[in-house]
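The lines below spell out each chain.
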Amino acid sequence: MTSPVVLSPEVAEALAAGRPVVALESTIISHGFPRPRNLEVAFRFEQVLREAGVVPATIAVVDGVPRVGLTEEQLRRVAEDTAVVKVSSRDLAVAMAQGVTGATTVAATALLAHRAGIKVFSTGGLGGVHRGASETFDESADLTTLSRLPVTVVSAGAKSILDIPATLERLESLGVTVLGYRTRRYPGFYLSDSGLEIDWSVDSPEEVAEVMANQDALGVGSAVLVANPLPQDKQLDPDLHDRVLAEGLARAEELGVSGKAVTPFLLDHFQRATGGRSLEVNIDIACNNIALGGQIATAWAARRRP
Ligand code: PSU
Ligand code: MN
């Protein structure tokens, strides 16, 4: 059976030649950043990689076709079309059957990247266990999907709108490897430090590539998460963060926001309540992770060259 996943010529050639490629998600573009800024941001993400000699592979479902590597026009669709839906791994097959145009979450992007043969994927913040999940059961499919895909995901921790201790516990149960990049403190997305310790710190892209190779050699089968904190002078002010977060959570509860609307709602609340400050921080976070993803993909490609 041939794969239904369509690679752009640029991505296909780079993979065939063993050149570095980094996957990028599209939900962050359609549902994470406000229009029209999101399109500029989407181009900038790709630019960060190109400048480092790495091929970007932005992933989305366009008119029912799962695509790895988008044309400028396709990227524009994802950013500008308000009808674009948020597609997680469980939604992919339906989106294909119904010809839907959808932006892929971390879970769906990781799955399509893996099918395409891409090892490294960068995003802003991972989904995770939501606060109050012991009652709502709201845990992102990002976690369970990453437990069964041997890809490497660079993020600045899980979004601080989540229950971080519970998210780390779940990552442990699910067998997902967590590496701090030059730190043993788990980053807190908008904040450089979530206050929680992790077991492992790595110092270089080459070391991450070695861990990836060992995971594959052992057949571990689950993801490697590289937790890359934003430098402290670039983080959101912690007092502002805590205040806005408390407000946002209360508002979400008042309005009865649930399911896949929760994360976009809270990100949007942050953007408005911080006067756009959180948006700039979110862009810095993503660019920082994309740059590191590029270095890891480069180290990975170098290992595989004879
Ligand atoms: N990180 C961001 N902005 C985002 C997301 C992550 O900086 O918009 C998206 C990712 O696509 C992630 C999703 O997979 O939020 C998680 O949504 P949920 O909590 O509904 O699983
Ligand atoms: Mn959810």
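Residues numbered from 1 in each chain as written. Chains lettered and ligands numbered in written order. Predicted model: local features only at pLDDT ≥ 70, side-chain atom pairs only at ≥ 80, totals over all residues. Heavy atoms only, no water.

A. Representation of the pairing of strand β4 (residues 65-68) in the model. Only one face of β4 is covered, namely the face carrying Pro 66 and Val 68; the face carrying Val 65 and Arg 67 is uncovered. Alignment of strand β3 (residues 55-62) against β4, held across four bridges, turns out to be antiparallel. Paired with Ile 59 across the bridge in β4 is Val 68. (Buried < 20%, exposed > 50% of the residue type's maximum accessible area, 1.4 Å probe, protein only. Helix = DSSP H or I, 4+ residues; strand = E, 2+ residues; numbered from the N terminus. Pairing = 2+ DSSP bridges.)

B. Focus on the pairing of strand β8 (residues 152-155). By the alternation rule, side chains of β8 split into Thr 152 and Val 154 and Val 153 and Ser 155, which are all buried. In this sheet, β8 lies alongside strand β7 (residues 120-122) in parallel orientation, the contact comprising three bridges. Within β8, the position partnered with Phe 121 by the bridge is Val 153. Pairing geometry for β8 and strand β13 (residues 224-227), over four bridges, is parallel. Residue pairing for β13: Val 154 is matched across the bridge by Val 226.

C. Expanded view of the side chain of Asp 142. Within the secondary structure, Asp 142 is located in helix α8 (residues 141-146). On the basis of relative accessibility, which here comes to 5%, the residue Asp 142 falls in the buried class. At a separation of 3.1 Å, a polar atom in the side chain of Asp 142 contacts the main-chain amide nitrogen of Ala 107. What Asp 142 contacts, discounting residues up to four positions off in sequence, is Thr 105, Val 106, Ala 107, Leu 126 and Gly 127. (Polar contact = N/O pair within 3.5 Å; in protein donor to acceptor, adjacent residues only side chain to side chain. Contact = heavy atoms within 4.5 Å.)

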